[in-house]
Amino acid sequence: MLGSLADGGLSLREVHRFPNRPVRAGGTLHWDILALYQGVLDGLRAAGRAAGGRLAGVGIDSWAVDYGLLDASGALLGNPVHYRDARTDGAAERVAELLPPEELYAATGLQHLPFNTVYQLAAAQGSPQLAAARRLLLIPDLLAYWLTGEQGTELTNASTTQLVDPRTRDWSSRVADALGVDLGLFPPLRRPGDPAGRLLPEVLAETGLAGPVPVTAVGSHDTASAVAGVPAAGGRFAYIATGTWSLAGVELDAPVLGEESRRANFTNELGVDGTVRYLRNIMGLWLLQECLREWSSDGGPAELGPLLAAAGRATPLRSVVDAGDPAFIAPGRMPERIAAACRRTGQPEPRDRAETARCVLDSLALAHRAAVFDAQRLSGLAVDTVHVVGGGAHNELLCQLTADACGLPVVAGPAEAAALGNVLVQARAAGAVRGGLAELRALLRGTQPLRHHTPSGDGAAWAEAAARFGDRERS
């Protein structure tokens with residue numbers, strides 16, 4: 001994505017898109033990291049052509065928790081393992097024997113997810129690869145290392161490892177010592193806006209760019225960049241960063257580390273400018289994406305537009321599933337698994353694709369509702385607006401259902417909030433814009449198209465549907 005600032009305006013242009021296809025080899029699901037790096041190089045080349053051969057800077061954001069291991073020479077010791085791989089099965093139980101979950105949460109504030117980095121490291125204990133490793137680089141830091149030759153650990157992504165204390169915004173030696181994690185594997189911490197090096201001469205030669213091109217640490221966890229890219233006015237807002245996952249919560253100045261927060265499975269991830277992203281991870285549009293993939297493989301392309309139109313006409317809240325159920329994490333046979341979940345909970349199975357899609361979207365809206373209500377109750381921050389950013393902002397049915405379920409107005413957009421938040425942090429580091437998050441967000445409100453959804457329908461019906469999963473009514 002090529003971002004441009006001129007005459008007080010901010011624009012974003014897609015210059016290159018490439019597939020991200022995980023590969024299963026030897027029984028393990030891996031990221032094809034070299035293909036992704038080649039896509040980055042191709043993207044830089046395309047951005048350079050579009051910008052006349054010169055870029056003012058580069059910033060990288062990606063998903064969280066996964067990492068690559070380097071040997072003493074800086075060489076990669078194998079393709080990074082995908083967080084959806086089964087190698088972490090049982091790892092959480094082994095970690096709990098060393099550090100009880102309530103103590104781990106009190107120290108790090110991170111939501112329990114079976115693929116958190118600490119569980120991946122527990123699963124890797126005793127492996128020859130980990131024994132040979134001298135550096136651990138999270139995915140955006142690995143890509144930045146290959147571009148610049150410099151190593152660092154960006155803080156917003158580091159906070160998803162479950163090894164960072166959100167109060168000190170530094171590593172938790174207590175947790176690392178208890179779990180036998182060598183913090184020396186991690187290079188020094190960087191914060192959004194810190195310099196991360198310059199593109200190497202060989203990268204400049206391959207991409208045709210004129211140097212020097214600085215690389216800036218941004219909110220390298222894509223959700224951190226996406227929340228920075230929320231066009232909110234004031235602080236009383238909830239956000240839902242939608243895509244493969246839905247990350248729903250509020251922005252705070254300090255973490256919430258109590259036992260009630262842990263039981264509600266809320267996370268305290270670090271954000272731009274000293275903020276805390278207090279949120280819950282929800283399965284997100286992965287459910288619908290997997291259904292579409294299954295239907296396409298079974299009988300030709302499944303087109304999203306007509307499917308959503310049919311889902312909009314389907315009976316609302318006929319059947320709903322728990323969108324946070326870990327049973328939906330793995331790929332494959334998603335329509336069948338959704339039907340099975342409906343059977344297990346005594347609800348009618350979807351009868352066709354439209355009803356399956358409506359089940360997914362109603363379930364996501366319910367999960368958004370629960371997360372927004374819980375975030376307010378646990379943090380003490382009352383909100384008056386829900387901002388939906390990311391790919392799901394294009395899904396008008398999901399946005400309207402979220403407004404109906406939450407009983408709050410929804411502002412949808414921008415869809416490319418992560419890229420915009422990335423660009424704004426770079427631009428501020430370069431002196432092209434000034435101010436804090438409020439000023440950056442005002443620039444977004446003035447330049448990005450937004451859609452507004454007003455709550456409608458029967459609030460009691462949503463409360464009844466929520467009660468199917470024991471979700472007590474909250475205000």
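As annotated in an unreviewed UniProt entry, the protein chain is Rhamnulokinase from Streptomyces hainanensis. The heading Sequence similarities (unreviewed entry) in the UniProt record of the protein chain holds the text "Belongs to the FGGY kinase family."

Inspection of the secondary structure assignment puts Thr216 in strand 12 (residues 214-216). With sequence-adjacent residues up to four places away left out, Thr216 is seen in contact with Val58, Gly59, Gly193, Asp194, Ala196, Gln426 and Ala429.

Our focus in this paragraph is the UniProt feature "domain: Carbohydrate kinase FGGY N-terminal" (unreviewed entry) in the protein chain. Mapped onto the present numbering, the UniProt feature "domain: Carbohydrate kinase FGGY N-terminal" (unreviewed entry) falls on residues 27-228. Helix makes up 41% of residues 27-228 and strand 13%, and the two end C-alpha atoms of the span are 38 Å apart.

This part takes up the pattern of salt bridges. Within the structure shown, the criterion is met by 20 salt bridges. Ionic pairing is found between Arg358 and Asp362, a salt bridge with its closest N-O pair at 3.0 Å. A residue pair is termed a helical-turn pair when its members lie 3 or 4 positions apart in one helix, as Arg358 and Asp362 do in helix 15 (residues 353-379) at four residues. Accessibility expressed as a relative area gives 1% for Asp362, which makes it buried. Ionic pairing is found between Arg468 and Glu464, a salt bridge with its closest N-O pair at 3.3 Å. Each of Glu260, Arg280, Asp374 and Arg377 takes part in a single network of salt bridges with overlapping partners.

This part covers the domain arrangement of the protein chain. Once the domains are mapped, the protein chain shows domain 1 (2-220) and domain 2 (229-474). Computed from C-alpha atoms alone, the centre-to-centre distance between domain 1 and domain 2 is 24 Å. Across the contact, 40 residues belong to domain 1 and 42 residues belong to domain 2. Where domain 1 abuts domain 2, roughly 3200 Å² becomes buried across the two surfaces, and 63% of that area is made up of carbon and sulfur atoms. Per-residue buried area on domain 1 facing domain 2 is highest for Leu10, Arg84 and Tyr105; these three make up 24% of the total on that side. Between domain 1 and domain 2 we count zero salt bridges in total.

The rules behind these values
Along each chain, residues carry numbers from 1 onward, in the same order as the chain's sequence is written. Given that the model is predicted, a residue must reach a pLDDT of at least 70 before its local features are reported, and side-chain atom pairs must reach 80 or more before they are shown or counted; all residues, however, enter totals for whole chains, interfaces and linings. Hydrogens are left out, water is left out, and the side-chain values use all remaining heavy atoms of the structure. UniProt positions are given in the numbering used here, feature names are shortened, and annotations may be inferred rather than shown by experiment. Think of it this way: any DSSP run of H or I at least four residues long counts as a helix, any run of E at least two long counts as a strand, and we number them from the N terminus. The contact criterion used is simple: two residues touch if any of their non-hydrogen atoms lie within 4.5 Å. Just to be clear on terms, a salt bridge is a Lys or Arg side-chain nitrogen sitting within 4 Å of an Asp or Glu carboxyl oxygen. With a 1.4 Å probe rolled over the protein chains alone, any residue whose accessible area is under 20% of its type maximum counts as buried; one over 50% counts as exposed, and the rest are partly exposed. These domain limits were set by an automatic method or by a database of domain assignments. Buried area adds together the accessible area that both of two parts lose upon being put together, with accessible area traced by a 1.4 Å probe.

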